[in-house]
Amino acid sequence: MAGQIPRPFIDDLLARTDIVELIDLRVPLKKAGKNHTACCPFHNEKSPSFTVSAEKQFYHCFGCGAHGNAISFMMAFEQLEFVEAIEELAKIHHLEVPREAGSKGKTYVQGSADDYSQMQKAAHIYQQQLNLHPQAAAYIAKRGLSAATIHKYGIGYAPDSWDLLLKQLGQGKNNRDQLFELKLTNRNENGREYDFFRDRIMFPIRDKRGRVIGFGGRVLGDGTPKYLNSPETRLFHKGRELYGLYEARQQQDRLEQLLVVEGYMDVVALSEHGIQFAVACLGTATTSEHMQTMFRFCSKVICCYDGDRAGRDAAWRALQSALPNLKDGVELNFVFLPDGEDPDTLVQKEGKDAFLARLGDAMSLGNYLFEHLLQELDVNSDAGKSALWAKANDMIAQIPSDFYRDSLLERLANLVGRKRTEQQITAGKNRKAAVVVQKTKITPMRRAIALLLQYPALAQVMPVAPELAQANLPGMPLLMAIQQLLLEKPQLTTAQLLEYWRELPEYNILSKLALWDHQVAEEQLTQEFLDTFRSIEDQYLQQRLESLQRKDQLSKLTVAEKHEYVMLLKAFKSK
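Values in this document were obtained by computation on a predicted structure and should not be read as measured data.

Let us now look at unusual backbone geometry. Of note in this structure, Asp199 is not a glycine but carries a positive phi near 55 degrees. Positionally, Asp199 belongs in the loop between β8 (193–195) and β9 (200–206). Note on Asp199: relative accessible area 26%, which makes it partly exposed. One non-glycine residue, Gln519, lies in positive phi territory at about 55 degrees. Mapped onto the secondary structure, Gln519 falls in the loop between α22 (507–515) and α23 (525–553).

The following block contains the structure:
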């Protein structure tokens with residue numbers, strides 16, 4: 001099992017990576033003073049608001065707020081998880097990613113390179129078998145799949161054999177154990193080993209990087225289950241992966257939309273007819289993680305389900321999973337197919353243009369939300385209106401987008417024949433006001449932290465005052481922790497420094513402070529920082545003086561405390 005990536009390795013990786021060079025290879029940058037600019041890759045814009053700082057090794061978009069270091073950019077632009085981004089950066093520098101054995105804290109469990117190699121070998125074996133078995137080739141031909149589509153999706157066949165993979169990949173106990181752990185083989189209660197997939201058309205499931213992580217097998221005849229998916233393994237987590245997403249991404253640089261369908265054959269059949277943006281969940285309902293992933297890749301998602309009860313239930317679960325991910329700028333729609341049809345059969349009957357026309361007439365999230373609720377509740381009665389008001393409010397409250405939330409609440413109020421409550425309107429105003437305050441309110445503590453983050457060398461002039469740890473001042477432990485880290489590692493850049501807090505609650509506020517426009521001339525930075533630090537010291541000393549005054553009233557001051565009390569009084573009187 002892989003352990004935590006050592007912190008010194010992450011520091012070194014960020015030190016080796018020039019963020020300007022990294023981003024410029026993917027988004028052409030132009031020099032603009034000390035920084036570099038471009039149109040933001042994370043939202044549509046005509047005038048450049050995306051800025052990259054070579055000095056801070058940090059990027060920031062003044063339009064959408066996207067920001068971070070080289071690791072953050074790889075995660076956002078290449079749609080990678082944290083460990084995957086580290087691995088990609090390491091690959092650029094020809095480095096091997098080390099792991100700490102038995103380390104505490106967050107660990108990243110993932111497969112080894114050999115695991116992915118074994119999965120790819122299995123996929124290759126299945127692909128070879130497809131051409132060796134006439135019944136499998138005949139089934140593929142009957143489904144109307146071309147050689148190009150078969151190659152694109154790596155479709156193969158697992159013959160009706162107990163030990164095809166065992167014989168070819170299971171040489172030695174370690175290999176057999178690995179095949180079992182990857183669920184390419186199975187074991188019965190007597191310890192007998194046999195291939196997991198038999199007599200099935202095989203669909204390799206690829207991750208975002210194109211690596212085979214699992215399989216879906218479709219039975220040739222009338223056997224059950226009709227579809228059999230790989231069980232969960234260290235590589236494959238069905239609630240996180242989407243079949244066809246990797247292939248859809250290969251068709252264009254940035255996806256405009258994704259179509260969620262129910263099965264592998266739906267994805268493959270649509271691709272055969274030129275509809276290249278379909279994906280399918282892997283034997284599970286559409287999860288919040290699925291929705292989050294899709295909205296990271298595109299701004300529009302269409303859920304396509306059968307029009308029967310099962311399809312409607314699946315759509316409702318998808319809507320509920322999507323609510324917490326409905327940020328501004330994204331769109332979720334629903335299409336329901338005629339009874340007895342699925343995307344595979346329908347696109348073959350009516351063709352690409354007619355199917356795309358159905359998608360163009362898709363039902364919006366708001367329309368589907370209220371249509372579903374109104375089928376369950378009778379709004380002709382006060383009880384029904386009350387139930388609709390309560391249920392819809394609970395669902396709408398999960399939506400982070402002010403626009404979606406406000407428009408749906410307005411619609412809800414009209415449906416039940418009442419105005420939005422003062423509480424709802426005030427809450428909306430307060431949210432917007434809170435954002436403004438958050439952007440503009442800079443306390444002395446935040447100013448000190450911001451300057452220290454942006455100019456780590458200031459740690460060398462910042463007085464070392466361990467007594468400040470006793471101060472009852474918000475942010476003091478954080479300021480002292482940053483100072484201590486920079487004294488131990490004076491070479492850290494802003495980007496490296498922030499990485500130490502990525503998994504901690506303070507990360508968001510630190511990221512904002514790292515971007516704060518302090519408007520202080522470079523030659524005045526040191527003095528500004530020291531003046532700010534002294535104002536914080538004064539707050540602590542004032543607290544200390546008041547504490548001693550309270551204790552003096554009780555006549556409990558020690559000799560040393562009396563001396564300190566007198567000194568503090570003189571100090572404040574002289575100011």
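After that view of the structure, there is still more to cover.
By the definition in use, this model includes 19 aromatic pairs. With centroids separated by 4.8 Å and ring planes inclined at 90 degrees, the aromatic side chains of Tyr243 and Tyr264 adopt a geometry described as edge-to-face. Residue Tyr243 is found in the loop between β11 (227–229) and α10 (245–249), and its partner Tyr264 is found in helix α11 (residues 264–272); the two are separated by 21 residues along the sequence. Exposure class is identical for Tyr243 and Tyr264. Each is buried. A connected cluster of aromatic rings, assembled from ring pairs, spans Phe42, Phe50, Tyr59, Phe73 and Phe77. When the ring centre of Tyr500 is taken as reference, the NZ or CZ atom of Arg7 above it lies at 4.5 Å. Seen from the ring of Phe336, Arg312 lies directly overhead, with NZ or CZ sitting 3.8 Å from the centre.

Proximity of charged atoms lets side chains of opposite charge pair with each other. For the structure shown, the criterion picks out 30 salt bridges. Here Arg296 and Glu81 are joined by a salt bridge, their closest N and O atoms 3.9 Å apart. Residue Arg296 is located in helix α12 (residues 288–297), and its partner Glu81 is located in the loop between α3 (70–77) and α4 (82–92); the two are separated by 215 residues in the primary sequence. On the basis of relative accessibility, which here comes to 30%, the residue Arg296 falls in the partly exposed class. With a closest N to O distance of 2.6 Å, Asp115 and Arg234 form a salt bridge. Of this pair, Asp115 sits in helix α5 (residues 113–130) while Arg234 sits in the loop between β11 and α10, placing them 119 residues apart in sequence. Judged by relative accessible area, which is 2%, Asp115 ranks as buried. Shared partners join several salt bridges into a network, and the residues in it are Lys173, Arg176, Asp177, Arg187 and Glu193.

Calculation criteria
- Residues numbered from 1 in each chain as written.
- Predicted model: local features only at pLDDT ≥ 70, side-chain atom pairs only at ≥ 80, totals over all residues.
- Heavy atoms only, no water.
- Helix = DSSP H or I, 4+ residues; strand = E, 2+ residues; numbered from the N terminus.
- Buried < 20%, exposed > 50% of the residue type's maximum accessible area, 1.4 Å probe, protein only.
- Phe/Tyr/Trp six-rings, centres within 6.5 Å; stacked < 30°, edge-to-face > 60°.
- Lys NZ or Arg CZ within 6 Å of the ring centre and 35° of its normal.
- Salt bridge = Lys/Arg side-chain N within 4 Å of Asp/Glu carboxyl O.

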